[in-house]
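Structural characterization, general
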Amino acid sequence: MEIKIVPTTCPYCGTGCGLNLVVRDGKVVSLAAWQRHPVNDGKLCPKGRYAHEFIHSEDRLKKPLIKRDGKLVETTWEEAYDHIVKKFKSYKPEEMACLASAQVTNEENYLMQKFARAALKTPNIDNGARLSQSSTIVGLEAAFGYGAMTNNIGDIAESKCVLVLGSNTLEQHPLIGRSILRAKLNGAKVIVFDPRYTTTARQADLYASLYSGTDVALLNGMMQHIIKNGWEAKEFIEKRTKGFDKLKATVMKPEYGLDNVSGITGIPAKDIATAAEWFAKSPSACLVYSLGITQHATGVDNVKSVANLLMLTGNIGKVGGGVNALCDQNNAQGACDMGALPNFYSGYLDVTLEPNITKIKDAWGCDIAVGKVGYSATEIINVLADDPSRLKALYIMGENPMVSNPDLTRVEHALKNLEFLIVQDIFLTETAQMADVVLPAACYAEKDGTQTNTERRVQRLRKAVEPPGEAKADWQIICELGKKMGQEKQFTFNSPEDIFNEIAKVTPLYGGMSYARLEKPESLHWPCPTPDHPGTPILHTEKFANTDGLGVFTSLEFKPPAEVPDAEFPLILTTGRCIWQWNDGSMTRRSPSLEKEAPAAWIEINSDDAKALGIRNSEVVHAVTRRGAVNVTAKVTSGIKRNEVFMPSHYAESAVNKLTNNVLDPVAMVPELKACAVRIEKIKEA
Ligand code: SF4
């Protein structure tokens, strides 16, 4: 009996904890935390602890499937590839789109965007981080020059004041939550504003509940209080930023006075004042946020507003400061870094600029898609729903829009409008069930590669076991398809390391990285432009990454969520996740140890609201919005703000996304998954 220990990286959240997979007789039988790993320091959350349990699930996809007479049946790789290539060759480039994945490796995302641009010549390429991370990329890029978390995870523990907005960090990113707890032990003040009294909120020195989608009003109110009291970082503002006067003119308006902001947010005025004072007067202060900030129609405004507060208080470019923007998925940052985006090549090179087009053409040795911005993932669904003549074929790798996207009735209608859908995944997901061809892929434990965590740290995945049946790694599938599309030279790679070497050549942020350098567990944070560069754990220490080196304040007015409560739909529905499940549940729900803890959806309702509606705890209720309805079990609690309800997003059978609103941030195209109007009905007994 041979036992092998294979060090690798967790496949779930953006924290990027190190794991050791225990392999016996070709199977992953257990795992343990990587003891001296720089991210998790020998600890794992429950999801990471049981991340081996789904690997050998009986229902893993093992052979390619093809649709015949309306049914998916097994086929050979040759037949699947021939069919795909024939179909792709029958469409015009702009009639096709590809969707890469925030859950697979950098190498695979790089190849998928190369496949779209070089093999299909389509500009329509995006990845699943469109549902979350894009607000951060757009907002922080505009403010600081790089659209990414400014500091590193360990650095949060050095802060003297931690403000948490839109993040239940201790449940969603537990090993980052640990850094918040360490900061608290070191004497930091912890402030949490959230509609729910979450596990994270319970650790706060100051907690108040706020209404979802009121963050810009809150931040403007805090900034007004800081400026009124003269607590702003005058020297930092003077030397390192621009746009302060306009910001000041906006935030000093009477509508951002404490009492008015209290009325908008639901947070007592004295708590807003205390938060502002603690944040401005602490020797260092940082802000931690996640999807509660990004998943709004004003997601980019929210992110820019966070950047405003941090610059106003001089908390950028220093230890214990920073905008800690937490990625929800293991490789959301990497998928975007790799150019699986409609507007950027890898390393955020603008696709419309001639020097960048020439650089990519020269590197790849072929013509590429026209230099224009393609459709984002959310636009793809909208185009298919509204005008399907513009898009005919979609190739999805490792994403499940039939659970993850808002307004699922519309998503289903959109996908049914496709002439040709390919889904490449490890399970027959709700989206894969609609496909014309399904390609079986390898999971994280069955392939080599790299992924980039939320703090821009690039880390290795290492192959521990073979994929089941005939399944193959995503990178191998894309290479084989690329060659069959006639691009032998562009898609001949013998290993993920070969692909990474090309990434380093064309992506300045990764230019100094190699597999040899990434072998060390300390790994490297981008930017790392040259082979002797140590990487950059803290950004913007001397100057910002904008061309003139200055940080940019943006003056922002508060805009309420696109859909606010009214007589017909009187409550606000917000969404999120729990510690036991992850995203669409396709992996965690196949992990028995996790599934038994949280096997079904629920809706949290404030005790007073429940009483008014005559609803008891554990009763099944009917939740209805303008887009759909689901039956779900009520969890009556005092731990949620009045007039607000919460549902988790992991459960296809009571899918909260049947209810959510498809309205998008106009720049980042991120949907407003965190706020819509809902009605809760008591189900009458027969
Ligand atoms: Fe995995 Fe995130 Fe948990 Fe770490 S915190 S073990 S990366 S799910």
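The present account deals with the structure reproduced in this document. Within each chain, residue numbers correspond to sequence positions counted from 1 in written order. Note on the predicted model: pLDDT of at least 70 is required for a residue's local features to be given, and 80 or more for side-chain atom pairs to be given and counted; whole-chain, interface and lining totals, by contrast, use all residues. Hydrogens and waters are ignored; side-chain quantities use all the structure's heavy atoms.

Quick look at the layout of surface pockets now. Both cavities and pockets are sets of points on a 1 Å grid over the protein atoms alone; in a cavity a 1.4 Å probe fits but cannot get out, in a pocket the set is open with protein on both sides within 12 Å along at least five of seven lines, and lining residues sit with an atom within 4 Å of a point. Grid points are joined across faces, edges and corners, and a volume is the space filled by probe spheres set on the points. Space inside the largest pocket adds up to approximately 380 Å³. Along the walls of the largest pocket sit 20 residues, with E171, R196, W602, E604 and K635 positioned nearest its centre. Mapped by element, the contributors of at least two residues to the lining of the largest pocket are β24 (602-606) and β26 (629-637). Here the nonpolar group is Ala, Val, Leu, Ile, Met, Phe, Trp, Tyr, Cys and Pro; Asp, Glu, Lys and Arg are the charged ones; every other residue, Gly included, is treated as polar. For the lining of the largest pocket, the residue count by class is 8 nonpolar, 5 polar and 7 charged. Think of it this way: any DSSP run of H or I at least four residues long counts as a helix, any run of E at least two long counts as a strand, and we number them from the N terminus.

With that settled, consider the pattern of salt bridges. What counts as a salt bridge is simple: a side-chain nitrogen of Lys or Arg found within 4 Å of a carboxyl oxygen of Asp or Glu. Per the stated rule, a full pass over the model turns up 39 salt bridges. Taking the shortest distance from any N to any O, the salt bridge between R60 and E446 comes out at 2.8 Å. Separated by 386 residues along the polypeptide, R60 in the loop between α1 (46-49) and β4 (65-68) and E446 in the loop between β18 (437-440) and β19 (449-452) bring together distant segments of the chain. The pair formed by R60 and E446 is uniform in burial state, with each residue classed as buried. The network of salt bridges with shared partners includes D448, R460, R462 and E519. A 1.4 Å probe rolled over the protein chains alone gives each residue an accessible area, and that area as a share of the maximum for its type sets the label: buried under 20%, exposed over 50%, partly exposed in between.

The next subject is the sheet that holds strand β25 (residues 620-624). Strands qualify as paired when DSSP identifies two bridges or more between them. Taken in spatial order, the 6 strands close into a barrel running β23-β27-β24-β26-β25-β28, and their pairing is mixed. The sheet shows a mean angle of 45 degrees between the axes of neighbouring strands, direction not considered. Looking at chain direction, β24 and strand β27 (residues 644-648) are connected through 2 bridges and run antiparallel. Bridge assignment links E604 to a residue of β27, and that residue is F646. With axes taken as lines fitted to C-alpha atoms, and helix axes fitted only over the stretch in contact, angles between N-to-C directions fall between 0 and 180 degrees.

If you check the shell around the ligand, you find C10, Y12, C13, T15, G16, C17, L44, C45, K47, G48, P174 and L175 and nothing else. Looking at the shell around the ligand, the elements that each hand over two or more residues are α1 and α7 (174-185). For the shell around the ligand, the class distribution of residues is 8 nonpolar, 3 polar and 1 charged. Whether a residue is near a molecule or strand is decided by its heavy atoms; if any one of them lies within 4 Å of it, the residue is near.

A few words now on the side chain of R240. Looking at where R240 falls in the secondary structure, it is placed in helix α9 (residues 234-240). The charge count treats Lys and Arg as positive and Asp and Glu as negative. His and the chain ends do not count. Salt bridges are absent for the buried R240, whose nearest opposite-charge side chain, E542, sits at 7.0 Å. Polar contact is the term for a pair of N or O atoms within 3.5 Å; when the atoms are in protein, one must be able to donate a hydrogen and the other to accept it, and sequence-neighboring residues count only if both atoms are side-chain atoms. Separated by 3.5 Å, the side chain of R240 and the backbone oxygen of E542 make a polar contact.

We now examine the nonpolar core. Of all hydrophobic cores here, the largest spans 71 residues; its most connected members are F88, L111, F115, Y395, L439 and Y510. If you tally residues by element for this core, the top one is helix α3 (residues 106-120), at 8 residues. Each nonpolar core is a collection of buried residues, namely Ala, Val, Leu, Ile, Met, Phe, Trp, Tyr and Cys, held together in the definition by side-chain atoms within 4.5 Å. By size, the runner-up hydrophobic cluster in this structure holds 48 residues, among which are V251, A276, M311 and L312.

What follows is about a nonpolar patch on the surface. Side chains of M1, I3 and I5 sit close together on the surface and give an oily, nonpolar patch of about 370 Å² of accessible area. Within the secondary structure layout, I3 lies in strand β1 (residues 3-9). Residues forming no salt bridge and having over 30% relative accessible area are the ones grouped into patches, like charges within 9 Å of each other and nonpolar side chains (Val, Leu, Ile, Met, Phe, Trp, Tyr) within 5 Å. For the accessible areas, the method is Shrake-Rupley and the probe is 1.4 Å, while residue cover comes only from the protein chains on display.

Burial in helix α11 (residues 258-265) covers these residues: V261, S262 and T265. In an axial view of α11, the angular spread of the buried residues amounts to 105 degrees, which keeps them on one side of the axis. Exposed residues on α11 whose side chains face more than 90 degrees from its buried face are D259 and G263. One or two residues past the end of α11 sits G266, with phi positive at roughly 85 degrees. Along the arc lie the directions from the helix axis toward the C-beta atoms.

The next thing to look at is the sheet that holds β1. On the basis of which strands lie adjacent, the open sheet formed by 3 strands has the order β1-β2-β3 and antiparallel pairing. Each edge of the open sheet is held by one strand with a lone partner, namely β1 and β3 (27-33). Mean inter-strand twist for the sheet, computed between neighbouring axes without regard to direction, equals 30 degrees. Here β1 runs beside strand β2 (residues 18-24); their pairing, made up of 7 bridges, is antiparallel.

With an omega of -5 degrees, the peptide bond between W526 and P527 qualifies as cis. With respect to the element layout, P527 can be found in the loop between β21 (524-525) and β22 (551-552). With a phi angle near 50 degrees, D25 is a residue other than glycine that sits in the positive phi range. Secondary-structure assignment places D25 in the loop between β2 and β3. The phi torsion at D407 lies on the positive side, around 55 degrees, for a residue other than glycine. Assignment of secondary structure puts D407 in the loop between α18 (401-404) and α19 (408-416).

Along the chain, E681 turns up in strand β28 (residues 676-682). For the pair E681 and V624, spaced 57 residues apart in sequence, the C-alpha separation works out to 7.7 Å. Any two residues having at least one pair of non-hydrogen atoms within 4.5 Å are treated as being in contact. Those residues in contact with E681 that sit more than four places away from it in its chain are V621, H622 and V624.

Take a probe with the size of a water molecule and roll it over the atoms, and the empty space left behind shows itself. Counted under the stated rule, the structure contains 7 cavities of 30 Å³ or more. In this model, the largest cavity occupies a volume close to 600 Å³. L291, Q295, T575, G576 and K674 are, among the 40 residues lining the largest cavity, the residues nearest its centre. Within the residue set of the lining of the largest cavity, elements represented by two or more residues are α13 (291-294), α18 and β23 (571-576). In terms of residue count, the dominant contributor to the lining of the largest cavity is β23 (3 residues). Of the residues in the lining of the largest cavity, the class split is 10 nonpolar, 22 polar and 8 charged.

With that settled, the discussion passes to helix α8 (residues 215-228). Taking 1.5 Å per residue, 14 residues should reach 20 Å; α8 reaches 20 Å between its end C-alpha atoms and fits that length. Counting buried positions along α8 yields 13 of 14 residues, so the element is predominantly enclosed. The positive-phi residue at the C-terminal boundary of α8 is G230, with phi of around 70 degrees. Helices are assigned an expected span. That span is 1.5 Å times one less than the residue count.

Attention now moves to the side chain of N606. Mapping N606 onto the fold places it in strand β24. Side-chain polar atoms of N606 contact the backbone oxygen of I640, separated by 2.7 Å. Other than its neighbours up to four places away in sequence, N606 contacts T637, S638, I640, K641, R642 and E644.

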